[in-house]
Amino acid sequence: MGLLDRFEKGLENVVNGAFAKAFRSQVEPVELAGALRREADNKAAVVSRGRTLTANHYVIELSQTDHDRLSGLESELRSDLRQVVGDHAVEQAYSFVGPVSVEFALADDLDTGMYRVVSSTQRPDGSPAAQPANRGGYDPISRANPIVGESPNSGSRPVTPCRSPEPARSTPAAAPRQNSAARPAPAPAPARSIEASVTIDGRTQMLRQGTNTFGRSSSSSDFVIDDPGVSRRHFEIVVEGDRAVANDLGSTNGTLLHGRKLTSATLSDGDVLLAGEAEVHYNERDAQ
């Protein structure tokens, strides 16, 4: 967990702790919706190539006062909050092992205005499933469907020399005709590959072949960008052979290229990506 992540978590604890005790403010449904989204992000874990699992069973613990106040809306509120989790999962490409459920529970140790979210992973029959170790973030679509060019020989056919009629023994000029048919086929040109790098705040770092993730969280990004406008996992650059593709990872503020928000775009040498206020300069050259 990075410095900003720890700060945000500490601020959340203060707001949901001493602040609530002092002002006795009531818990509002919009707070619970935000808490469920954060819990889903915290429990997200990459379990296989192109699949990220998160919790599907959520219990919201409330004080007696808040629990009584929301009890009349519980059925409708549970349905709405399940939808919040489902919509967030679609946005972040999360998956579940079972249906999403949201329940309310009474907690004696909580005062008015305080709440606690406890989550777990459950199978469709309600039995608990093992939750993988938290690796943070989510696995983007590009990892499940990498961009792979065709093999240099995928469209070629083996060269078969034409067989000429056997010449008469009395014709010595037939030998050169056989030699011309045996001429070897030209070798295919070698595939081009690139060496890619980025420069952030004057520091240049090499990109590896495959996926390179950029974001604010040191626990879930390969390249950390210390900027409050950058999401935990903001964008990625996928290097495959002779090309590099930038993909936005559902960031809050978006990723800009040439002044426009991108979803996915092929990069060229000298392109500048903007995440928050941070500039990421992309450079490439032919591999040696």
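Keep in mind that this is a model prediction, so the values were computed, not measured.

**Concerning the overall build of the protein chain**
Within the protein chain one finds 7 helices and 17 strands. A buried classification covers 38% of the 288 residues belonging to the protein chain. Sequence separation of 24 or more characterises 63% of the internal contacts of the protein chain that already satisfy a separation of 6 or more. Working note: accessible area of the protein chain is about 17100 Å², and carbon and sulfur atoms make up 51% of it.

**Remarks on the pattern of salt bridges**
If you walk through the whole model with that rule in mind, you get 6 salt bridges. Between arginine 116 and glutamate 61 there is a salt bridge, and its shortest N-O distance comes to 2.3 Å. Of this pair, arginine 116 sits in strand β6 (residues 115–120) while glutamate 61 sits in strand β3 (residues 57–62), and the two are 55 residues apart along the sequence. Because the salt bridges share partners, they merge into one network encompassing Glu61, Asp109 and Arg116.

**Here's the deal with the sheet that holds strand β11 (residues 235–240)**
One open sheet accounts for 5 strands, arranged β10-β9-β11-β12-β15; its pairing is mixed. Sheet topology places β10 (223–224) and β15 (264–266) at the edges, where each strand pairs with a single neighbour.

**Digging into the packing of aromatic side chains**
Under the criterion given, the structure shown has 2 aromatic pairs. The interplanar angle of 5° and the centroid separation of 4.6 Å between the aromatic rings of phenylalanine 214 and phenylalanine 235 together place this pair among those described as stacked. Highlighted residues: phenylalanine 214 in strand β9 (residues 210–215) and phenylalanine 235 in strand β11, separated in sequence by 21 residues. Of the aromatic side chains, those joined through ring pairs into one cluster are Phe214, Phe223 and Phe235.

**Some points on the packing of helix α3 (residues 29–43) against helix α5 (residues 74–92)**
Running from N to C, α3 and α5 point in directions that differ by 40°, and their axes come no closer than 10 Å. The angle between the axes of α3 and α5 places the two elements in the oblique class. In terms of crossing hand, the pair formed by α3 and α5 is right-handed. Taken together, the residues of α5 that come into contact with α3 (itself represented by Pro29, Leu32, Ala33, Leu36, Arg37, Ala40 and Asp41) are Leu77, Leu81, Val84, Val85, His88 and Gln92. For the contact of α3 with α5, the residue count by class is 9 nonpolar, 2 polar and 2 charged.

**What to know about the environment of phenylalanine 96**
Tracing the backbone through its elements, the reader meets phenylalanine 96 in the loop between β4 (94–95) and β5 (101–106). Separated by 41 residues in the primary sequence, phenylalanine 96 and alanine 55 have C-alpha atoms spaced 6.8 Å apart. With residues near it in sequence (within four places) discarded, phenylalanine 96 still touches Arg51, Leu53, Thr54, Ala55, Asn56, Val85 and Ala89.

**Looking at the confidence of the model for the protein chain**
Per-residue confidence for the protein chain gives a mean pLDDT of 76, with 70% of residues at or over 70. Of the regions scoring below 50 in pLDDT, residues 1–24 engages in 25 contacts with residues more than four places distant in sequence or in other chains. Low pLDDT (under 50) marks residues 133–168, which in the prediction has 60 contacts with non-local residues, meaning those over four places away or in another chain.

**Concerning the side chain of asparagine 247**
The topology assignment puts asparagine 247 in strand β12 (residues 243–248). Residue classification places asparagine 247 among the buried residues on the basis of a relative accessible area of 11%. Engagement of the side chain of asparagine 247 in a polar contact is seen with the side chain of glutamate 236, the distance being 2.8 Å.

**Brief notes about the nonpolar core**
Core analysis: the largest hydrophobic core is formed by 23 residues, its most contacted members being Leu207, Phe214, Ile237 and Leu273. Elements supplying a minimum of two residues to this core: β7 (194–200), β11, β12, β16 (272–275) and β17 (278–286). Ranked by residues supplied to this core, first place goes to β7 with 4 residues. Other than its neighbours up to four places away in sequence, leucine 273 contacts Phe235, Ile237, Ala246, Thr255, Leu256, Leu257, Leu262, Leu267, Ala278, Glu279 and Val280.

**Observations regarding α5**
Here α5 contains 19 residues, and its C-alpha end-to-end distance of 27 Å stays within 8% of the 27 Å for a straight helix at 1.5 Å per residue. If you follow the buried residues of α5, they end up packed against α3, β3, α4 (64–70), β4 and β5.

**Focus: the pairing of strand β1 (residues 45–48)**
Two faces, one strand: in a regular strand the side chains alternate between the faces of the sheet. For β1 and strand β2 (residues 51–53), the ladder comprises 3 bridges, and the chain directions are antiparallel. Bridge assignment links valine 46 to a residue of β2, and that residue is threonine 52. Where β1 folds back onto β2 in an antiparallel hairpin, the turn is made up of 2 residues, including glycine 50, whose phi is positive at roughly 85°.

**Considering α3**
The α-helix winds at 3.6 residues per turn, so residues separated by three or four positions along the chain end up facing the same way. For α3, built from 15 residues, the straight-helix expectation of 21 Å at 1.5 Å per residue is met to within 8% by its first-to-last C-alpha distance of 21 Å. Taken together, the buried positions of α3 are Leu32, Ala33, Gly34, Ala35, Leu36, Glu39, Ala40 and Asp41.

What counts, and where the lines are drawn
Residues numbered from 1 in each chain as written. Predicted model: local features only at pLDDT ≥ 70, side-chain atom pairs only at ≥ 80, totals over all residues. Heavy atoms only, no water. Helix = DSSP H or I, 4+ residues; strand = E, 2+ residues; numbered from the N terminus. Buried < 20%, exposed > 50% of the residue type's maximum accessible area, 1.4 Å probe, protein only. Contact = heavy atoms within 4.5 Å. Areas by Shrake-Rupley, 256 points an atom, 1.4 Å probe, with all protein chains shown as cover. Salt bridge = Lys/Arg side-chain N within 4 Å of Asp/Glu carboxyl O. Pairing = 2+ DSSP bridges. Phe/Tyr/Trp six-rings, centres within 6.5 Å; stacked < 30°, edge-to-face > 60°. Axes fitted to C-alpha atoms, helices over the stretch in contact; angles between N-to-C directions. Parallel < 35°, antiparallel > 145°, perpendicular 65-115°, else oblique. Left-handed = near helix turned anticlockwise from the far one by under 90°. Nonpolar A, V, L, I, M, F, W, Y, C, P; charged D, E, K, R; others polar. pLDDT = per-residue confidence, 0-100. Polar contact = N/O pair within 3.5 Å; in protein donor to acceptor, adjacent residues only side chain to side chain. Core = buried A, V, L, I, M, F, W, Y, C linked by side-chain atoms within 4.5 Å. Expected span 1.5 Å × (residues − 1).

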